Amino acid sequence: MNEDITAKICPVRYGRKAICTIISDDGRMQTAENLSRLAAEFDCKVTVAQAVRYVQNITRWRELEQHGKLEFISHSYNHRRLDDDNLSDKELEHEITEARQFMEDNFRTDQIAFVPPNNQLSDRAYSVCENQFYAIRRWKRLYNFLSPEQGRDWLQWLNLGCKGIHDVETTAERNHWIDDVVLQEKWLIEMWHDVELEKTERYQCTTLEEAKQHLTYIRECACRNFLWVAPFTEAVKYIKEVQSCRLEVSKINRGEWKIFLDKGIAKKDDRFDMPLTLKIVVPEGVKQIYTISEGKKFKLERQNDTSIQLELNPGGVFELLIDT
C-alpha cells in the first residue's frame, strides 16, 4: 500500500473558497455600537477604519474592541484628503504616522493595514505609508485576488479594491457580490460607512435593516463553508503568511510523518501570528489518523476518506500517524 501523504497550505482559511471583509469608514460611535451588536448577532468580525478626530470617549472605544467583534485600524487623524499636494511633510506625518501611533497606543489591533480618507493618496502620501503598512484599501470597484502582488498598481497590496455598500440599490445586488467571489475564488472588501436605524444624508449610510438582510446571506454562505468572513487585519495576515511560509513534510518511520511550517514573514515581524489551514491528503484505505502531542495520540476527524484539515501557526510542527 502506498503510504505517501501530501500537504498544502489552503489559500483561504478553513479551506473556504473566498473571503469577505467588511470595513466601516470614519468611526462614529453610534455606528460602532450598532456594528458591534450586528457582528455579535451574525457571528462575524468587522473592521472600523477610525479617524482619530472622532475618538472622544477612549474608554468606550476600548470596551467595544474588547467585546471581540470589532477591530480598529487607522483612517488618518483628521480625515483630510491625502492627495492634496498643499499638505506639508509635517501635516502628512501627522495624518498618517501620528494617527497610526495613536491607534497602536490605544487599541489592541495590530496596525498593519490602512484606509485613507476618500480612498485617495498622493505619491508623497504613498511614500509615507509604504514603510508603515502592508495593505491599503482604496477605491477601485473590483474584487481582489487571493494573493495580491506587492506594489501600488490596481489590486496590488497598496491599492486594494472594494465595493461600496450603496454602489447598488438592493440587497439582491449586494448578495450577488458574494456569489461572484465564491465562484471566482476572490477576496471581496465591502466599504461601509454609517449604520443607523434610519437613513441619513451622510455618504452611503446603511440602515440596520439593510445591514441585517445582507449579513444574513453572508452568514449563510459562511455556514455552508464557502466563505471566510475576515476582518481586514486577519485577512492581510493570513494571505501574507501564505505567500511567505514554506511547508515541509518528512517521513520519520513507516506510517509516521513530521509536518513543519516555517515562520515566513513572522521571522521579521512577530505580529504575523495567524494559524494557517493545512490540507493533508492520505492514501486510500487508511483506518485512522492521529497526531501526537506531549507523547499522547489524538484521533483526527477527516473531511472525507482521504483528507483532513489542520491549523498550524508559523514556526509550528506536528507529527502525524496513519493506521493502515
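All of these numbers come straight from a predicted model, not from anything done at the bench. Chains are numbered independently. Their residues run from 1 in the order of the written sequence. The predicted nature of this model means local features are confined to residues of pLDDT at least 70 and side-chain atom pairs, given and counted, to a pLDDT of 80 or more, with totals for whole chains, interfaces and linings taken over all residues. No hydrogens and no water enter the side-chain calculation; it runs on all heavy atoms of the structure.

Chemist: Whenever I open this one, the overall build of the chain confuses me. Can you help?
Modeler: Strands here mean DSSP runs of E at least two residues long; helices mean DSSP runs of H or I at least four residues long; both are numbered from the N terminus. Along its length, the chain carries 7 helices and 18 strands. When its C-alpha atoms are laid out on the principal axes, the chain stretches across 70 × 40 × 35 Å. Only protein chains enter the accessibility calculation, which uses a 1.4 Å probe; a residue is then buried when its area is under 20% of its type maximum, exposed when over 50%, and partly exposed in between. In the chain, which comprises 324 residues, the share counted as buried stands at 55%. Intrachain contacts of the chain at a sequence separation of at least 6 include 70% that bridge at least 24 residues. Accessible area of the chain: about 14,900 Å², with a carbon and sulfur share of 44%. As used throughout, the charge tally considers Lys and Arg to be positive and Asp and Glu to be negative, leaving His and the chain termini uncounted. The location of each charge is read from NZ of Lys, CZ of Arg, CG of Asp or CD of Glu. Considering the chain, the positive charge centre built from 46 side chains and the negative charge centre built from 54 side chains are found 3 Å apart. The criterion used for residue contact is that any of the two residues' heavy atoms lie within 4.5 Å. Here the accessible surface of atoms and residues is derived via Shrake-Rupley with a 1.4 Å probe, and residues count as covered only by protein chains that are part of the display.

Chemist: Honestly, the sheet that holds strand β14 (residues 276-281) in this entry has me stumped. Any pointers?
Modeler: Two pairing modes exist for strands in a sheet, parallel and antiparallel, and in both the strands are linked by backbone hydrogen bonds. The pairing criterion for strands is at least two bridges between them, as found by DSSP. Spatially, β1-β14-β17 is the arrangement adopted by the 3 strands of the open sheet, whose pairing is antiparallel. Strands with a single pairing partner mark the edges of an open sheet, and in this sheet they are β1 (6-9) and β17 (307-312). On average, adjacent strands in this sheet sit at an angle of 25 degrees to one another, irrespective of strand direction. Bridge count for β14 against β17 is 6 bridges, and the pairing is antiparallel. Considered in β17, the bridge of Lys279 is made with Gln309. Helix axes are fitted only over the stretch in contact, all axes being lines through C-alpha atoms; the angle between N-to-C directions runs from 0 to 180 degrees.

Chemist: Teacher, can you tell me more about the nonpolar core here?
Modeler: Generally speaking, nonpolar side chains in soluble globular proteins are found buried as a group. Throughout this description, the term nonpolar core refers to a set of buried Ala, Val, Leu, Ile, Met, Phe, Trp, Tyr and Cys residues connected via side-chain atoms within 4.5 Å. Core analysis: the largest hydrophobic core is formed by 48 residues, its most contacted members being Ile19, Trp187, Phe232, Ile280 and Leu320. Examining the composition of this core, we find that 5 residues originate from one element, helix α7 (residues 232-244), more than from any other.

Chemist: Would you mind going over the sheet that holds strand β12 (residues 247-253) with me for this structure?
Modeler: In space, the 5 strands of this open sheet follow the order β12-β13-β18-β15-β16, with antiparallel pairing throughout. Looking at strand neighbours, the two that pair on one side only are β12 and β16 (296-299), the edges of this open sheet. Across this sheet, the average inter-strand angle for adjacent strands is 30 degrees, counted without regard to direction. Relative to strand β18 (residues 317-323), strand β13 (residues 256-261) runs antiparallel, the two being bridged by 5 bridges. The residue of β18 that forms the bridge with Ile259 is Phe318.

Chemist: I would appreciate a short explanation of the packing of helix α1 (residues 29-41) against helix α2 (residues 58-66) in the present structure.
Modeler: Each pair of packed helices gets described by two things: the angle between the helix axes and the distance between those axes. Look at α1 against α2: their axes get within 10 Å of each other, and the N-to-C directions meet at 20 degrees. Considering their axes alone, α1 and α2 lie roughly parallel with respect to each other. The chirality of how α1 crosses α2 is left-handed. Mapping the contact onto sequence places Met29, Ala32, Glu33 and Ser36 in α1 and Arg60, Trp61 and Leu64 in α2. In what follows, roughly perpendicular refers to angles from 65 to 115 degrees, roughly parallel to angles under 35, roughly antiparallel to angles over 145, and oblique to any angle outside these ranges. Crossings are sorted by hand: turned counterclockwise from the far helix by less than a right angle, the near helix makes the crossing left-handed, and turned clockwise it makes it right-handed.

Chemist: Teacher, can you tell me more about α7 here?
Modeler: Think of an α-helix as 3.6 residues a turn; residues three or four steps apart then line up on the same face. An expected span of 1.5 Å times one less than the residue number is assigned to each helix. Taking 1.5 Å of rise per residue, the 13 residues of α7 would be expected to cover 18 Å, and the 18 Å separating its terminal C-alpha atoms lies within 8% of that figure. Regarding α7, the residues found buried are Phe232, Thr233, Glu234, Ala235, Val236, Lys237, Tyr238, Ile239, Lys240 and Glu241.

From the geometry alone we can't say anything about function, so treat these as descriptive.
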